[in-house]
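# Structure assessment
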Amino acid sequence: QRPLGTPEPPSSSRGPIAGASRPPAPFAHTARAASLSPGAAMDKVACYLLAAVSLFHAYTHLADPLGAVEQMVGASPHKSAAALVSHCIAIIGCCHAFTGTVLLSAASMSDAAHRKCILGIFAVPFTLLIGLVQLWYPATGVAPTDFTAMPFPIVYAYLGIAVAGIALAGKSAKGKTA
């Protein structure tokens, strides 16, 4: 109710028909449809996939470092170097745990630009360095000549998932494409 003595507002401020609501804006449904499109959340999916793989590798490296070496390079580590190899592989497992945790955090962020940034960091320096380490410091002592042999398929999968997440990123919280 209006206080006494207050003039009644003009009828135009209440719309053409008193109490009527405005019709929905044309194409108002497109923003919601775009948020449900298959590619809209690919950056989140990529973060979750890479987090799962990183956390799996963290587990395998930490649970059985020597077994991880045998599985990765197909050779049993030399017994005199077993302690050092175990230590190094366990540290690699810690790095995978960190990476997986960062990617899980990124997947839960509302800002797609942050997810794309983290995926870009994962895609370029991380996968590039993994490939270079295989060439510069080969575990068998000989640089690989077959780039389809392990661990290269895993590196390619990491890179592919990260690039797909960047290319098909969703929208940020403010509705802008990241």
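Residues numbered from 1 in each chain as written. Predicted model: local features only at pLDDT ≥ 70, side-chain atom pairs only at ≥ 80, totals over all residues. Heavy atoms only, no water.

### Quick notes on the environment of L55
If you trace the backbone, L55 turns up in helix 2 (residues 42-63). Judged by relative accessible area, L55 falls into the partly exposed class, the value being 32%. With 43 residues separating them in the primary sequence, L55 and F98 have C-alpha atoms 8.3 Å apart. Not counting residues within four places of it along the chain, the set of residues in contact with L55 comprises H96, A97, G100, T101 and L104. (Helix = DSSP H or I, 4+ residues; strand = E, 2+ residues; numbered from the N terminus. Buried < 20%, exposed > 50% of the residue type's maximum accessible area, 1.4 Å probe, protein only. Contact = heavy atoms within 4.5 Å.)

### Focus: the pattern of salt bridges
Taken as a whole and judged by the stated rule, the model has one salt bridge. Put simply, D43 and R115 hold a salt bridge, and the shortest N to O gap is 2.9 Å. Taken together, the residues span a long stretch of sequence, with D43 in helix 2 and R115 in helix 5 (residues 112-136) at a distance of 72 residues. Comparing D43 with R115 shows no difference in burial state: the two are buried. (Salt bridge = Lys/Arg side-chain N within 4 Å of Asp/Glu carboxyl O.)

### Re the nonpolar core
Counting residues in hydrophobic clusters, the biggest one holds 15 residues, and the most contacted among them are C47, L50, L103, L119, F122, Y158 and A162. For this core, the elements supplying multiple residues, two or more each, are helix 2, helix 4 (82-107), helix 5 and helix 6 (152-167). At five residues, helix 5 tops the list of elements feeding residues into this core. Beyond its immediate chain neighbours, meaning those up to four positions away, Y158 contacts L50, V53, S54, H57, H96, F122, F126, T127 and I130. (Core = buried A, V, L, I, M, F, W, Y, C linked by side-chain atoms within 4.5 Å.)

### Some words on the environment of I130
Along the chain, I130 turns up in helix 5. On the accessibility criterion, I130 (19% relative accessible area) is buried. For the pair I130 and F152, spaced 22 residues apart in the sequence, the C-alpha separation amounts to 8.8 Å. The residues contacting I130, other than those within four sequence positions of it, are V155 and Y158.

### Details of the packing of helix 2 against helix 4
Relative orientation of the contacting elements helix 2 and helix 4 amounts to 160°, with a least axis distance of 7 Å. In terms of orientation, helix 2 and helix 4 fall into the roughly antiparallel class. Seen from above, helix 2 lies across helix 4 with left-handed handedness. Considered class by class, the residues forming the contact of helix 2 with helix 4 number 16 nonpolar, eight polar and one charged. (Axes fitted to C-alpha atoms, helices over the stretch in contact; angles between N-to-C directions. Parallel < 35°, antiparallel > 145°, perpendicular 65-115°, else oblique. Left-handed = near helix turned anticlockwise from the far one by under 90°. Nonpolar A, V, L, I, M, F, W, Y, C, P; charged D, E, K, R; others polar.)

### Some details on helix 5
Its 25 residues place the ends of helix 5 35 Å apart at the C-alpha level, agreeing with the 36 Å of an ideal helix rising 1.5 Å per residue. Of the residues making up helix 5, those classed as buried are A112, R115, I118, L119, G120, F122, A123, T127, I130 and G131. The N-capping residue of helix 5, defined by a side-chain oxygen 3.1 Å from the backbone nitrogen of A113, is D111. (Expected span 1.5 Å × (residues − 1). Polar contact = N/O pair within 3.5 Å; in protein donor to acceptor, adjacent residues only side chain to side chain.)

### Things to note about the confidence of the model for the protein
Summing up the model confidence of the protein, the mean pLDDT is 77 and the portion of residues at 70 or higher is 69%. Mean pLDDT across the secondary structure elements of the protein bottoms out at helix 1 (residues 29-35), with 47, and peaks at helix 6, with 91. (pLDDT = per-residue confidence, 0-100.)

### Looking at the packing of helix 4 against helix 5
When two helices pack together, their arrangement is captured by the angle between the axes and the distance separating the axes. The interhelical angle for the contact between helix 4 and helix 5, taken along N-to-C directions, is 150°, at an axis separation of 9 Å. Considering their axes alone, helix 4 and helix 5 lie roughly antiparallel with respect to each other. Taken as a pair, helix 4 and helix 5 cross one another with a handedness that is left-handed. The residues of helix 5 that touch helix 4, namely those facing H96, T99, V102, L103, A106 and A107, are R115, I118, L119, F122 and F126.

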